Amino acid sequence: MFTSRAKQQLSESIYRLKFEMGEPIVWIARTSSSLNVDTGEMVENLREYPINKAIVLPINMLQKAKYSITYLASNKNFVYDGMYEESNLGILIDLRDIPFRDFDKLSEELVRLQNGDTYEVARREYYAMEIALILHLKAVTNG
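Residues numbered from 1 in each chain as written. Predicted model: local features only at pLDDT ≥ 70, side-chain atom pairs only at ≥ 80, totals over all residues. Heavy atoms only, no water.

**A look at the overall build of the protein chain**
Looking only at helices and strands, the protein chain has 2 helices and 7 strands in total. The buried share of the protein chain, reckoned over its 143 residues, is 28%. Carbon and sulfur atoms make up 50% of the accessible area of the protein chain, which totals about 9800 Å². (Helix = DSSP H or I, 4+ residues; strand = E, 2+ residues; numbered from the N terminus. Buried < 20%, exposed > 50% of the residue type's maximum accessible area, 1.4 Å probe, protein only. Areas by Shrake-Rupley, 256 points an atom, 1.4 Å probe, with all protein chains shown as cover.)

**Topic: the pattern of salt bridges**
Applying the stated criterion across every chain yields a total of 7 salt bridges. We note a salt bridge from arginine 30 to glutamate 44, for which the minimum N-O separation is 2.9 Å. One end of the pair, arginine 30, is in strand β1 (residues 22-36); the other, glutamate 44, is in strand β2 (residues 41-56), and 14 residues separate them in sequence. You can call arginine 30 partly exposed: its relative accessible area is 23%. Looking at glutamate 44, the relative accessible area reads 41%, which means it is partly exposed. Its salt-bridge partner being arginine 124, residue glutamate 109 comes within 2.6 Å of it at the nearest N-O pair. Linking glutamate 109 in the loop between β4 (83-94) and β5 (110-112) with arginine 124 in strand β6 (residues 118-126), this pair joins segments that are 15 residues apart in sequence. Accessibility expressed as a relative area gives 3% for glutamate 109, which makes it buried. A relative accessible area of 29% places arginine 124 in the partly exposed class. By sharing partners, the salt bridges in this structure join Lys18, Asp94, Arg96 and Asp97 into a single network. (Salt bridge = Lys/Arg side-chain N within 4 Å of Asp/Glu carboxyl O.)

**Observations concerning a nonpolar patch on the surface**
A cluster of nonpolar side chains, Leu17, Met21 and Leu57, forms an exposed patch at the surface whose accessible area comes to about 220 Å². Along the polypeptide, leucine 57 turns up in the loop between β2 and β3 (60-65). Take leucine 57: its relative accessible area is 36%, and that puts it in the partly exposed class. (Patch = residues over 30% accessible without salt bridge, like charges linked within 9 Å, V, L, I, M, F, W, Y side chains within 5 Å.)

**Observations regarding the environment of asparagine 142**
Looking at the secondary structure, you find asparagine 142 in strand β7 (residues 132-142). Asparagine 142 sits in the partly exposed class, given a relative accessible area of 40%. Considering only alpha carbons, one finds asparagine 142 and glutamate 86, 56 residues apart in sequence, at a separation of 8.0 Å.

**Observations regarding the nonpolar core**
Judged by nonpolar contacts, the single largest core of 21 residues is most densely connected at Trp27, Ile91, Ile93 and Leu135. The next biggest cluster of nonpolar side chains, apart from the first, holds 6 residues, and it includes Ile14, Leu92, Ala132 and Ile134. (Core = buried A, V, L, I, M, F, W, Y, C linked by side-chain atoms within 4.5 Å.)

As structure tokens, then:
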């Protein structure tokens, strides 16, 4: 009895967050890829799943420096390397809004936000009591 009541409370909280902060996103999954022998080009079959209301959590911008052995050996900073910024984003999606359930079969998924930015799905995990899905997204913004 406690579990169902707690699950109901969490579901209501997610519903309120969707109402206040929800925005439409598109989950893009690669279904298959094949090689065109004539042109030598890889043809990817992508499937888009529109999700009407997803809770987009704030972006965390981190500046990273990529060092290699040249920096350690010659003490010259950024001989072959450089600076880049990585944008991390979290999305909370109600499982009732996702039209598919075969998450294990998907690989190399992308998520396109309302503003057109595309992020790669770095990690998926279930929210408490499996009522929602948390996506950890990442993208390299410049560099």
